[in-house]
Amino acid sequence: MSHVSVTAFDTLLDGSDPASDPFGAAVNAELDRREDFPAEACAALDALGLPAHYVDVRHGGRLRDMTELVGLQRAVARRDLTVAVAHGKTFLGAAPVWLAGRPDQAARLAESVRRGAVVSWALTERDHGGDLLAGELTARPVPGGWRLDGEKWLINNAGRSRYVCLLARTREGGGPRGFSVFLVDKSRLAPGSYRVLPKVRTHGIRGADISGIAFDGAVIDDAALVGEAGTGLDIVLRTLQLTRILCTALSLGALDHALDVAVPYARGRNLYGRDLATLPRVRRTLGEAAAALDVAETVVDVAARSIHTLTPELALVSAVTKALVPNLVQDTLDRITELLGVRGFLSEGYLDGSFAKLERDHRIVAVFDGSTAVTRNLTADHFPSLARSWRTTRADRALLPATLAGPLPPFAPERLRLLSAGSTFVELLPEATDTIRRAARQGLLPRETAGMAVELEAVTRSVHRSMDSLDRTPREVPQTAFDLAERYELCFAGAAVLHRWTAGPRSADASLRLRAGLALILNRLGLPCGERRSEAHDRLADGLLGPARHSLTLPSPRPQGSAR
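Presented here is a report on the structure given in the accompanying data block. Keep in mind the model is a prediction, meaning the values are calculated, not measured. (Residues numbered from 1 in each chain as written. Predicted model: local features only at pLDDT ≥ 70, side-chain atom pairs only at ≥ 80, totals over all residues. Heavy atoms only, no water.)

Focus on the overall build of the protein
Then comes step 1: What the protein contains, in helices and strands, is 19 helices and 10 strands.
Then comes step 2: Over its C-alpha atoms the protein spans a radius of gyration of 24 Å, differing by no more than 12% from the 24 Å that the globule rule assigns to 564 residues.
Then comes step 3: Projected onto its principal axes, the C-alpha coordinates of the protein cover approximately 75 × 55 × 50 Å.
Then comes step 4: The buried share of the protein, taken over its 564 residues, is 59%.
Then comes step 5: Sequence-distant contacts, at least 24 apart, represent 79% of the contacts inside the protein between residues at least 6 apart.
Then comes step 6: Of note, the protein has its 70 positive side-chain charges centred 3 Å away from the centre of its 66 negative side-chain charges. (Helix = DSSP H or I, 4+ residues; strand = E, 2+ residues; numbered from the N terminus. Rg over C-alpha atoms; globule rule 2.2 N^0.38 Å. Buried < 20%, exposed > 50% of the residue type's maximum accessible area, 1.4 Å probe, protein only. Contact = heavy atoms within 4.5 Å. Lys, Arg positive; Asp, Glu negative; His and termini not counted. Charge placed at Lys NZ, Arg CZ, Asp CG, Glu CD.)

So this is what it looks like as structure tokens:
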């Protein structure tokens, strides 16, 4: 199959087809207990054609729109996070080649990936973690190629992959120009020149192949080099701008799954003669969870669309999205765990322990492709430019509509930058607030909503003033910088929620989502929510608990070559 049929994909994942057995909760629970790889589920996704969506359309694949890939990854994660992590890693490993590889190199890899070849991405090392400039694995020139020595550790699919895309030191002194990226075809290495390290036992995603790979005089030819020698760090940092956004699809799928568990539980559980769903505290918890999902979904959607439209801003957008979404979702999962009580901790019995498994699995998402500390540090690196751009408001208004809705232009990798000059979404927040205030005066929105928008703008102004006055150096980053980065993430989320309403239909549902999202964001910023504002969360709970079940709308992949 050349591309994913949405109907077939939905049927496979919802359990209504016999072929969906590999995605069943009981099957995944047993694999988790045995710490076994979900091979059958991954094979089913291969047969359905999902690997073609990991390949850029420029190289003959189906990846034309990153929002589609986010939707597909989210759908798999909703069923099982371990499967999503195990299968989706191929995109992360192949992405550096789509960005910087030679046309012939990319074409060969694309053909292999479409046929189901697995690609791993090897960046980290045992003693250096996320400090890429400290990497010790070396690639030394030899006649006709390079010699690899050293190891990479905590690598997803290190043992199961055919290809390893790795970062190696190519200059003895290292430094920003001392590393290069190589695409290593393990099937072409001499016997004994590499070995796969033992699988590492993990708290979550127990069935995933988390291990490592060691090279001892492994010789690769010149064609394995991705881009130019010495540009490895640049390639990795640009690639992370894409992969960090895709990782957050795992969080959306996890919260989808959590609500799939929590809503029926609240409907069906009787406590002291009352349905649990009628208790105010339970309804509030579910409504706040729905608001958190809506805010997270909005941020991920505008981030994925920004890949195509606001490409030069992606260093900031990806850092903000990667820090905000997994943490917001994890906090929400913690609340749902309390609602489920002991059932939220059972690894057997209740729904085959599916909730306990997803909660354990999700905790790793915040670490993938840059931990929260790493991404907030990157946001802090942007403080001077963000403060300047807020004062001058140089945002390109013309790009905002396409970042919110409608057809997307092709992704242009050459527009990626290592640092962003500003944030279009945040800089145009005051204009969105003015639109909200006018709508409230016209009776299209409650005045309470406009008041929340004004409060958000005031917080955003304060955050930028603090950026201007912060005293820091590249090596001395105070805790206040990380706290400020966290507040900026919430301002970005609020801006996305405001712009979504100004660009969308003025429906009652849109108004409710706006109110609920703003109330959630302001509460996380430390402003009191109050009962009146929290009423929006109760109304969201009504939607969850009513006849219309919480459901996921899958993306509709377009036939190759179709008009955009």
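After presenting the structure, the write-up continues.
Focus on unusual backbone geometry
Then comes step 1: The backbone phi angle of Glu35 is positive, close to 60°, even though this residue is not glycine.
Then comes step 2: By relative accessible area, Glu35 is classed as buried at 19%.
Then comes step 3: Look at Leu351: it is not a glycine, yet its phi comes out positive at around 50°.
Then comes step 4: Topologically, Leu351 is positioned in the loop between α9 (314-340) and α10 (354-362).

Some points on the packing of aromatic side chains
Then comes step 1: On inspection of all chains with the given rule, the structure shows three aromatic pairs.
Then comes step 2: Their ring planes at 65° and their centres at 5.2 Å tell us that Trp146 and Phe182 sit as a pair that is edge-to-face. Placement of the pair is Trp146 in strand β3 (residues 145-156) and Phe182 in strand β5 (residues 179-185), with a sequence separation of 36 residues. An identical accessibility class is assigned to Trp146 and Phe182; each is buried.
Then comes step 3: When the ring of Tyr265 is compared with that of Tyr350, the centres are 6.1 Å apart and the planes differ by 80°; the resulting orientation is edge-to-face. (Phe/Tyr/Trp six-rings, centres within 6.5 Å; stacked < 30°, edge-to-face > 60°.)

Remarks on the side chain of Ser385
Then comes step 1: Structurally, Ser385 can be placed in helix α12 (residues 383-392).
Then comes step 2: For Ser385, the side chain forms a polar contact with the main-chain oxygen of Ser420, separated by 3.3 Å.
Then comes step 3: In contact with Ser385, other than residues within four places in its own chain, are Ser420 and Ala421. (Polar contact = N/O pair within 3.5 Å; in protein donor to acceptor, adjacent residues only side chain to side chain.)

Some points on the pattern of salt bridges
Then comes step 1: For the coordinates displayed, the defined rule picks out 39 salt bridges.
Then comes step 2: With a shortest N-O distance of 2.9 Å, Asp185 and Arg162 are connected by a salt bridge. Of this pair, Asp185 sits in strand β5 while Arg162 sits in the loop between β3 and β4 (163-169), and the two are 23 residues apart along the sequence.
Then comes step 3: What makes Asp185 buried here is its relative accessible area of 13%.
Then comes step 4: Judged by relative accessible area, which is 36%, Arg162 ranks as partly exposed.
Then comes step 5: The salt bridge involving Asp294 is made with Arg513; its shortest N-O contact spans 2.9 Å. Placement of the pair is Asp294 in helix α8 (residues 280-306) and Arg513 in helix α18 (residues 508-524), with a sequence separation of 219 residues.
Then comes step 6: Through salt bridges that share partners, Glu30, Arg33, Arg34 and Asp36 make up one connected network. (Salt bridge = Lys/Arg side-chain N within 4 Å of Asp/Glu carboxyl O.)

Quick word on the packing of α8 against α9
Then comes step 1: At their nearest, the axes of α8 and α9 sit 10 Å apart, and the two run at 160° to each other. Taken as axis vectors, α8 and α9 run roughly antiparallel relative to one another. Crossing of α8 against α9: the hand is left-handed.
Then comes step 2: Classifying every residue of the contact of α8 with α9 gives 17 nonpolar, four polar and three charged. (Axes fitted to C-alpha atoms, helices over the stretch in contact; angles between N-to-C directions. Parallel < 35°, antiparallel > 145°, perpendicular 65-115°, else oblique. Left-handed = near helix turned anticlockwise from the far one by under 90°. Nonpolar A, V, L, I, M, F, W, Y, C, P; charged D, E, K, R; others polar.)

Thoughts on the environment of Phe425
Then comes step 1: Among the structural elements, Phe425 can be located in helix α14 (residues 424-427).
Then comes step 2: Those residues in contact with Phe425 that sit more than four places away from it in its chain are Val302, Ser306, Leu310, Leu400, Thr403, Leu404, Phe492, Ala495, Ala496 and His499.

A word on the nonpolar core
Then comes step 1: Formed by 159 residues in total, the largest nonpolar core has its most connected members in Phe91, Trp98, Leu109, Leu286, Ile336, Phe425 and Leu498.
Then comes step 2: Top contributing element to this core by residue count: helix α7 (residues 232-268), with 20 residues.
Then comes step 3: Each residue touching Leu498, except ones within four places of it in the same chain, is listed here: Leu429, Ala432, Thr433, Ile436, Ala453, Leu456, Leu514 and Leu518.
Then comes step 4: Listed in part, the 19 residues of the second largest apolar core include Leu137, Ala158, Leu189 and Ala224. (Core = buried A, V, L, I, M, F, W, Y, C linked by side-chain atoms within 4.5 Å.)

Focus on a positive patch on the surface
Then comes step 1: A surface patch of like charges, here positive, comprises Arg437, Arg438, Arg441 and Arg447.
Then comes step 2: By residue number, the principal contributor to the positive patch is helix α15 (residues 429-441), which donates three residues.
Then comes step 3: Of note, Arg441 is situated in helix α15.
Then comes step 4: On the accessibility criterion, Arg441 (55% relative accessible area) is exposed. (Patch = residues over 30% accessible without salt bridge, like charges linked within 9 Å, V, L, I, M, F, W, Y side chains within 5 Å. Areas by Shrake-Rupley, 256 points an atom, 1.4 Å probe, with all protein chains shown as cover.)

Describing the pairing of strand β1 (residues 119-122)
Then comes step 1: Here β1 shows a buried face lined by Val119 and Trp121 and a second buried face lined by Ser120 and Ala122.
Then comes step 2: Taken together, the four bridges between β1 and β4 define a ladder with parallel strand orientation. When the bridges of β4 are listed, Ser120 appears paired with Val164. (Pairing = 2+ DSSP bridges.)

Here's the deal with the state of the cysteines
Then comes step 1: One pass over the full model with this rule turns up zero disulfides.
Then comes step 2: You can see Cys247 has no disulfide; the closest cysteine sulfur is in Cys165, sitting 15 Å from it. (Disulfide = S-S within 2.5 Å.)

Some points on α8
Then comes step 1: The end-to-end C-alpha distance of α8 is 39 Å, a good match for the 39 Å that 27 residues give at a rise of 1.5 Å each.
Then comes step 2: With 22 of its 27 residues buried, α8 lies for the most part within the structure. (Expected span 1.5 Å × (residues − 1).)

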